[in-house]
Structures are given as structure tokens and as C-alpha cells.
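A structural walkthrough
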Amino acid sequence: MRISLPWSRNSSRDVDAEYDEGAVVISERKHEAAGLKAVGVALQRDIASMGPMRTAASLLRLNQRKGFDCPGCAWPEEHGGRKPAEFCENGAKAVAEEATKRVVTPEFFARHSVADLGGRSEYWLSQQGRLTHPMVLRPGEQHYQPIDWDDAFDLIATHLRSLGSPHEAAFYTSGRTSNEAAFLYQLLVRSFGTNNLPDCSNMCHESSGTALVDTIGIGKGSVTVDDLTQADLIIVAGQNPGTNHPRMLSVLEKAKENGAKIIAVNPLPEAGLLRFKDPKKVHGVVGHGVSIADEFVQIRLGGDMALFAGLGRLLLEADDRAPGTVVDRDFIAAHCANFAEYEAHARAVDLEAVYEATGIDAAQLQRVADMMVSSQRTIACWAMGLTQHRHAVATISEVVNVLLMRGMVGKPGAGLCPVRGHSNVQGDRTMGIWEKMPESFLAALDARFGIVSPREHGFDTVDAIRAMRDGRVKAFVGMGGNFVAASPDTAVTEAALRNCALTVQVSTKLNRSHVVHGRTALILPSLGRTDRDVQNGRKQVVSVEDSMSMVHLSRGSLRPPSVEVRSEVAIVCGLARALFGPDHQVPWASFTSDYDTIRDAIAAVVPGCADYNARVRRPDGFQLPHPPRDRREFRTSTGKANFTVSPLQWVSVPQGRLILQTLRSHDQYNTTIYGLDDRYRGVKGGRRVVFCNRADIARFGLTAGDRVDLVSEFTDSEGRLQERRAEDFVVVEYQTPVGNAAAYYPETNPLVPLDSVADRSNTPVSKAVVIRLERRS
Ligand SMILES: Nc1nc2c(c(=O)[nH]1)N[C@H]1C(S)=C(S)[C@@H](COP(=O)(O)OP(=O)(O)OC[C@H]3O[C@@H](n4cnc5c(=O)[nH]c(N)nc54)[C@H](O)[C@@H]3O)O[C@H]1N2
Ligand SMILES: Nc1nc2c(c(=O)[nH]1)N[C@H]1C(S)=C(S)[C@@H](COP(=O)(O)OP(=O)(O)OC[C@H]3O[C@@H](n4cnc5c(=O)[nH]c(N)nc54)[C@H](O)[C@@H]3O)O[C@H]1N2
Ligand SMILES: [Mo]
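Keep in mind it's a predicted model, so treat the numbers as computed, not measured.

This paragraph deals with the site of ligand 1. Around ligand 1 sit 31 residues in total, of which Asn266, Glu270, Asp304, His389 and Asn670 are the nearest. In the environment of ligand 1, an oxygen atom lies 2.7 Å from a nitrogen or oxygen atom belonging to the side chain of Asn266. Expressed as a share of its isolated accessible area of 910 Å², the protein-covered part of ligand 1 is 99%. Of all elements in the fold, only α10 (241-244), α19 (384-387), β25 (658-663) and β26 (668-669) reach the threshold of two or more residues within the shell around ligand 1. Of the residues that make up the shell around ligand 1, three or more belong to each of domain 3 (206-418) and domain 4 (658-775).

Here we come to the pairing of strand β31 (residues 707-715). With 7 of 9 residues buried, β31 lies mostly within the body of the structure. The loop that links β31 with its antiparallel partner strand β32 (residues 721-733) comprises 5 residues; one of these, Gly719, has a positive phi angle of about 85°.

Taken domain by domain, the protein chain holds domain 1 (28-96), domain 2 (103-200 + 424-623), domain 3 (206-418) and domain 4 (658-775). On a C-alpha basis, the centroid separation for the pair domain 2 and domain 3 is 36 Å. Across the boundary between the two partners, domain 2 contributes 9 residues, which contact 8 residues of domain 3. For the pair domain 2 and domain 3, the summed buried surface comes to about 620 Å²; carbon and sulfur atoms form 44% of the total. Looking at the side of domain 2 facing domain 3, the largest losses of area belong to Arg429, Ser547 and Met548, adding up to 59% of the total buried there. Where domain 2 packs against domain 3, one counts 2 salt bridges. The residue Lys220 makes a salt bridge to Glu545 at a minimum N-O spacing of 2.9 Å. Along the contact surface separating domain 2 from domain 3 lie 4 residue pairs in polar contact (both at pLDDT 80 or more).

A word on the side chain of Ser665. Take Ser665: it is sitting in the loop between β25 and β26. Among the polar contacts made by the side chain of Ser665, one reaches the main-chain amide nitrogen of Asp667 at a distance of 2.8 Å. Aside from chain neighbours lying at most four places away, what touches Ser665 is Thr243, Asp678, Arg681, Arg687 and Tyr744.

Of note, the amide linkage connecting Tyr745 to Pro746 takes the cis form, showing an omega dihedral of 10°. Looking at the element boundaries, Pro746 is found in the loop between β33 (740-744) and β34 (769-775). One non-glycine residue, Asn338, adopts positive backbone phi at about 75°. Judged by its relative accessible area of 32%, Asn338 falls in the partly exposed class. Backbone geometry places Asp489, a non-glycine residue, at a positive phi of 50°. By the secondary structure assignment, Asp489 is in the loop between α24 (483-486) and α25 (490-498).

All told, the structure shown has 53 salt bridges when counted by the stated rule. Ionic pairing is found between Arg329 and Glu343, a salt bridge with its closest N-O pair at 4.0 Å. You can see Arg329 sitting in helix α15 (residues 329-335) and its partner Glu343 sitting in helix α16 (residues 339-347), a full 14 residues away along the chain. Overall, the relative accessible area of 16% leaves Glu343 in the buried class. When salt bridges that share partners are traced, they join Arg657, Arg707, Asp709, Glu713, Glu723, Arg725, Asp728, Arg772, Glu774 and Arg776 into one network.

Evaluated as defined, the whole model comprises 0 disulfides. There is no disulfide at Cys336, and the cysteine sulfur nearest it, in Cys417, is 20 Å away.

Turning next to the packing of aromatic side chains. Given two aromatic rings, one states the distance between the centres and the angle between the planes to describe the pair. Taken as a whole, this structure holds 20 aromatic pairs when the rule is applied. Summarising the aromatic geometry, the rings of Phe331 and Phe634 are spaced 6.4 Å apart at their centres and angled 80° between planes, so their arrangement reads as edge-to-face. Of the two residues, Phe331 is situated in helix α15 and Phe634 in the loop between α31 (627-631) and β24 (641-642); the sequence distance between them amounts to 303 residues. Neither residue differs from the other here; Phe331 and Phe634 are each classed as buried. With 4.7 Å between their ring centres and 50° between their planes, Phe476 and Phe483 make a pair best called tilted. What makes Phe483 buried here is its relative accessible area of 1%. A network of ring pairs unites the aromatic residues Phe183, Phe449, Phe580, Trp588 and Phe591 as a single cluster. Taking the ring centre of Tyr669 as reference, the NZ or CZ of Arg176 above it sits at 4.8 Å.

Moving on, we come to helix α23 (residues 461-469). Among the 9 residues that make up α23, 7 are buried, leaving the element largely enclosed by the rest of the structure. Turning to α23, its buried residues are Thr461, Val462, Ala464, Ile465, Arg466, Ala467 and Met468. Each element contacted by the buried residues of α23 is listed here: β7 (169-173), β16 (475-479), α24 and α25. Near the N-terminus of α23, the side chain that reaches the backbone nitrogen of Val462, with its oxygen 3.4 Å away, is that of Asp460. Where α23 terminates, the next one or two residues include Gly471, which has phi positive at roughly 80°.

Across the sheet, 5 strands lie side by side as β12-β9-β8-β14-β15; this open sheet has parallel pairing. Bordering the open sheet on either side are β12 (295-297) and β15 (415-418), each of which pairs with just one other strand. Each neighbouring strand pair of the sheet contributes to a mean axis angle of 15°, computed without reference to strand direction. Judged from the 3 bridges that link them, strand β9 (residues 261-265) and β12 form a sheet pairing that is parallel. Bridging from a neighbouring strand, Val265 pairs with Val297 of β12. Contacts from helix α18 (residues 362-373) reach β8 (233-237), β9 and β12, with the element oriented near 130° to β12.

Within the secondary structure, Asp151 sits in helix α6 (residues 149-161). With 107 residues separating them in the primary sequence, Asp151 and Gln44 have C-alpha atoms 41 Å apart.

Turning next to the site of ligand 2. Neighbouring ligand 2 are 31 residues, the closest being Tyr172, Ser174, Glu568, Thr671 and Tyr745. The contact in question runs from a nitrogen atom of ligand 2 to an N or O atom on the backbone of Ala486, over 2.7 Å. Lys509 places a polar main-chain atom, nitrogen or oxygen, 2.8 Å from an oxygen atom of ligand 2. Contact with the protein chains hides 96% of the accessible area of ligand 2, taken as 930 Å² for the molecule alone. A per-class count over the shell around ligand 2 returns 9 nonpolar, 17 polar and 5 charged. Two domains each put at least three residues into the shell around ligand 2: domain 2 (103-200 + 424-623) and domain 4 (658-775).

About the criteria used
- Residues numbered from 1 in each chain as written.
- Chains lettered and ligands numbered in written order.
- Predicted model: local features only at pLDDT ≥ 70, side-chain atom pairs only at ≥ 80, totals over all residues.
- Heavy atoms only, no water.
- Near = heavy atom within 4 Å.
- Polar contact = N/O pair within 3.5 Å; in protein donor to acceptor, adjacent residues only side chain to side chain.
- Areas by Shrake-Rupley, 256 points an atom, 1.4 Å probe, with all protein chains shown as cover.
- Helix = DSSP H or I, 4+ residues; strand = E, 2+ residues; numbered from the N terminus.
- Domains from an automatic or database assignment.
- Buried < 20%, exposed > 50% of the residue type's maximum accessible area, 1.4 Å probe, protein only.
- Pairing = 2+ DSSP bridges.
- Contact = heavy atoms within 4.5 Å.
- Buried area = accessible area lost by both parts, 1.4 Å probe.
- Salt bridge = Lys/Arg side-chain N within 4 Å of Asp/Glu carboxyl O.
- Disulfide = S-S within 2.5 Å.
- Phe/Tyr/Trp six-rings, centres within 6.5 Å; stacked < 30°, edge-to-face > 60°.
- Lys NZ or Arg CZ within 6 Å of the ring centre and 35° of its normal.
- Axes fitted to C-alpha atoms, helices over the stretch in contact; angles between N-to-C directions.
- Nonpolar A, V, L, I, M, F, W, Y, C, P; charged D, E, K, R; others polar.

Following this line, the structure appears as C-alpha cells:
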């Protein structure tokens, strides 16, 4: 890999960031995460991309009370005064990506045709730097050209107005958008007349939301950081915090210091789950750090529902042996519904099926059950390893069952903790980015603004792709994100976008969604979290919500990449004025000039946000209400917390095939590739690798280092076998369960069939793709 660094703010040179896939270097995987090395890597990257001054200016303000919220993950800051270094290696990399001095200017686009850019890797695109000017690609042209903001807004408005119906447009959101911008964006979309608001959450924690709304009446987690430090047992299932939520490791370490036990449930021995070196502590600087997991459950892909169902049975049996000590009958009587059905079902769980589904033995299942039995305060954390399966909603419901059985919701040190991904994905939902917001929200929105929001549900991500593919949606607007690369079934999604008359991307950096486009395409460059936002001569602040429902301010302070770049708020308001004219009943102009006025509107419309301007300015912001956590109140169909019963499901491995999970390396942020060093897994220099168990490699007559194509097999609803292919991956021997493989996203997205989705949440099944390996000749 060679990266040359133009430190001046021009793009007279491209950043040379190509790599040769033949050069993948495999070394031993790491057994511990973080430590000084991590800090060194982060600083090196930051200084390379921002220069020393911007590095100091940005890292000193990262996650501080008067600073900006980390654009990395949604893990909360700790309360009671933040620490001087409230960031992690990957947070620092996320900042470097955004605050880079490299720029993509109109000259860059003059140099590179769209066809040329289309041939570049996602890595190359993301390394070119920040977008500086609004650009347009007109039908039949080869190059994006600069366009004035007003002309850009008029062009979009003209297209949108010419549609046969507002439902022929889809408005995507990625999860970095601030609360203020998200609120205005959904207001624009609903004023226009559609609920077509697909978002990244549809591919992420939608399964968690679906399961939690049914069972506890609210789609958000019920714990705080304080709860985690008070817990005596924490289960971390389907999550790789060492890479994706590194600051969570400090909290887990603190919990351990307070006596907590930790159970890690994962097919892979992820470095951060096993050992952790806190770079802020002496033991993290020297030595091997602390071991995190007390019990490592190396589960088969998709085996978690069986695990929690099996635990349910063992917990009931433990209660039989010592009645009243395991099952919290008082809690169940006072707060739960459907326990009798659940109990009957759980007692009949076939433990042989559990062993087969999970790949663990009776002794380990019993050990885990015993740990749960002796716990007074249990928390279950999870992420994509649970949400991106066909039976994800049922799996998460099974996690809820065992916690409810033990009365572990709505008391200190206990609860449910879906660990969100994008830094403001939870806030965006709170602000109304959802294709099926409840009537109460729409009514409040209408009352405040005198609009009539449409009531029919809109398209989520998968349905939006289907609609574009079939010509039912003709215009696509993306508020951040990289829809083309992040979505499943790349070939289908690309064709869907190309089928649109108009595609608009509001972006900070170049990505694949700019080069796979509709007949007319626009790139609108926006400010990011780290940038200073001045409107009307006054510095503006925005707000965000973390994974634990804390809402707080974020103040960017760095010089933006160019004077042409606009804030997301200004972009939404500019488009709205072009679309609705100056006399629209929504005061778009005043929203842009003073974000306090947006917050006043949020206070009036969004539940739990009364007095938003004042409360968000408190030192640590404020916490949104969560009835189960606050009062053990469950606003479900029954008015109680619901136990649920679902037939046991797991993923079996067809003969001669593997089940592939698609996951993140340590050196990427979703589709943005930071670099080619998956340090903890010991893979360097390339990303087209497939991690396989030694026995599978031998069984297929392969050798580690062989090059293979991955061919996915999917039987559609009419019983036809579909094949999809991703070419040229290097086989890497790894400690994954037999029959299970892993490879990086987004390179493997071409293999995920659009119709392979989770029941009820419609989330693409990114963690269980049936594949075969074909040796390349
Ligand atoms: N640095 C960095 N930080 C990020 C991101 C990033 O790309 N880079 N992305 C952000 C986003 S949007 C999100 S959603 C989160 C994602 O955070 P994670 O959910 O940690 O992300 P993945 O890499 O998809 O990892 C899934 C983990 O689940 C395990 N797993 C896979 N299938 C199963 C299964 O069937 N059962 C169990 N028990 N485990 C399984 C995998 O081995 C892996 O450890 O991170 C956020 N933070
Ligand atoms: N196969 C497979 N597919 C997956 C997943 C998986 O595990 N496996 N994970 C899924 C998950 S969990 C998620 S969340 C999605 C992620 O899907 P997305 O959120 O759509 O993708 P990102 O890669 O996070 O988007 C990166 C782009 O966002 C833009 N951007 C960054 N910051 C800002 C900002 O502040 N404002 C604006 N306007 N733009 C900004 C930049 O231009 C950058 O190129 O992918 C999903 N897809
Ligand atoms: Mo995500």
C-alpha cells in the first residue's frame, strides 16, 4: 500500500491508495485489544491526514463537554465529568477520515470521468478526501461538473415535482445525521407527501427494535453505563467491541473490577473479547492487560436462539431444584404476560437440538446457566451477530425471555443493551426517520406545522431497492451513507439506482454511490461533525442521542474543507424552499439561521423532548424517558412485558457448503475503508480474504493461501436456485467453527440476496449466506 499525502488543500494530485490483492500478509492473530500500539496507530493516521495542528485541535475536543460527539460509534461517554482522552483508536481514525486536509475539488472531477471513478476501489474513493463543491452529472455526460447551490436545489425540486406521485421518491438516511437535520429532513419528506424514509437502521438494529417493541414496548435498550458498571453478569453476544465499540471495553473492565463476570458469545475469538489493555492505565501499557471474558461461548453462526432457549429450560429446572431462587415470580406476576405459555414451551426445548445448533456441549451450557442463576444483576448486550439473521427477531425475543424470567429489566445493574452502530442512528429514529412512525408522532407534526403527513407506511431499505428496480421509485435522495455499497445484492442495487431518473447524495466523502447513479446525479457536499458550522454570523451547535438514550450537544470547531460546503440543516432547508416556495407554512429560512428554533419545534413534536434547548445544554445533556427502565412500565399490546414463544430455528450447513458471515475489519468504518490492516485478526495488505476452519479447508481439498471464488446459493420463493459470485478471495485458516466462514463487508455484499431477509424486520441476512468455494484456476 502506498499513500502519498498532499498536505495542502488542493487536489492537484490524487491520493494513491491502491493495493495488490496478491500481497495479503497473514500473521498470528492478536490475543488482546487496544493498548499503546492502538494509540500509536491512531495518532499516526491522524497526523498523516490532518497534520499535527488539526490532530491536536480535534482529539482534544473529541467527546468532551464543549467538543464534538465522536462520529465513530454510538457508545456513550461516561458521566460525571469526562476523561481527558474519551476516545479510542477507531474514534480517532473516524475523526481523521472526516477532518482530513485532502480534498476532492471540481478539478478532481474534471480529471476523472465517472467511468474512471467507477473502476476504482471503495478504498481509493474514500481516501481522496473531502468533497468541496456541489456537482452535477447531466444525462449522457461523462464528468461531474460544478453547479451553484440554488441551481442544484431547483434541479432537484423540478424532478421531484414532475413525479407522478410523492411515493415515486425515496429519501435514505445514514446514522451520522444530527437530530436537527434529521428532524427537518423527515419534515421535508412528509410535507412532500411520502413516508419513504429508508435508513441504515433497516440493515442494522431493526430486528432489535422489532423484538423490543413487541416485548417491552420500546425499541431502545434499557440500561445506562452506570448499570453496566453495577452489573454482576454481562453477556456480550454477536458483537466485536474491540473493533467497533472500543470504549465499551473500559466499561467492561470497570465492571470486572467491581466483580462482574463476562460471557462472550461469538463464533470468532475476537481480540477485545478475550483480553484488553486499557491505554489509559499502567497495566494497559505494559503486560497483557486484563482478560475480559470469563466464559467464551464459541457458537455456530445463527445458534443464539437455541442458546437462549436452552438456557431458558435450564433456568426453569434450576428453579425446580430451589424454588423461588431463579424465577422472579413477583416480577412476572406484576409486570409480565404470557409466562405460562413460555414456560410450557421452554420446558420442552430439545437440548440435543441446542447442542447441534450452537456447537457447544452440555457442560458449557450448564456453566453458563449456573452463572446466570448466581447473578443478581444481569445485562445482555448484542449487535449485528444477532440482528442480521433470518430468525433475528425471534433470537432477540429469546434473550428478552430469559432476562424477564429473572426480573432483570427495570432495576439497577440489569437490562437489555442493543449496542447501536452509527453515532446518531438512535437519534435519527427518535426524530422521525422511519418509514412507519406511529400516528401520535405524525399527528403532533401536523399540529405543529399545519401539514398533512401521509399515513400509509413507506419503503424501508429492501423495499426501496425493489421499488427502484421495478421503476416504482424514480428519484433517490441519500442524506449521508453509501447506499449502493452498504445495501445487499450489489448487482441488483446498482441496477436499481441506475434505473432512477435522479439520484442525489448529500455526502462528506466520495463513495460508490456517486459513481453508480441515476440519469441525472448530484453530489451535495456537507459539513461533518468536526466542522465549524456558522449560520448568519453565529456558530451553531447540533445534538445527538447515544445508544443509551442520552441526548447531548456536539460542537464542531475545525475549518470546513471549503466555503462552499453547507450544513445538512442548510441543505435540507435550501431544498425545501426550492420545492415548496417561499410561502410554505414551515419556516425553513429561520430554521437555517438559528438551530435553536429547530430544537423548539423538536420540543413540541418529539415525545420526551420538552424544553429541549435548555436540557440539551446541561453539562451532560439529558436522558430520554424509557418506561421499562424508569418505572417498569411496559406499553405493549397487553400493557405488560410479553414473554414470547417461537419455534426453535437455527442455521444448518448444507452438504459441501459453508455459512458465511460478512463483518467489519479493524480498519474500516462500514463502507469507508481506513486502511488494510485488520491487526487483531492478523490480516494485512488486502481485504479479499475468507476465514475458514482448518477442517473445512482440508475437506474441500484446499490449502491456506489458495485463491477461490465465493459462490452464494439461494433458493427463491418459487424454488429456483440462484447463484451469485464474488471473485478472487484468499483462503485464511482461522478459528471459526467448522462449517462457518467469515469475510469482509462490503466486498461480500454481492453475495447477499435481496430477498434473504429477517422475518418481520426485513433486515438483510448478512450473517448467514450459504456459499461454496470454487478454486480459481
Ligand atoms: N471502527 C468501526 N466502528 C464501528 C463500525 C465500523 O465499521 N468500524 N460500524 C458501526 C456500525 S454501523 C455498527 S452496526 C456496529 C457493528 O458492530 P458489530 O456488530 O460488532 O460488527 P460486525 O463486524 O458486523 O461484527 C459482528 C460480530 O458478531 C459476530 N457474529 C456473527 N454472527 C454471529 C452469530 O450468529 N452469533 C453470534 N453470537 N455472533 C456472531 C462476529 O463474529 C463479530 O464478532 O459498529 C459500529 N462501529
Ligand atoms: N454485508 C453487510 N452489509 C451491511 C452490514 C454488514 O454487516 N454486512 N452492515 C449494515 C449496517 S449495520 C449499516 S449501519 C449499513 C451502513 O450503511 P451507510 O450508513 O449507508 O454506510 P456508511 O459506509 O456508514 O456511509 C459512509 C458515507 O457516509 C458519508 N458521510 C459520513 N459522514 C457524514 C456526515 O456527517 N454527513 C453526511 N451527509 N454524510 C456523511 C460519506 O460520504 C461516506 O462515504 O451497512 C449495512 N450493510
Ligand atoms: Mo449499523
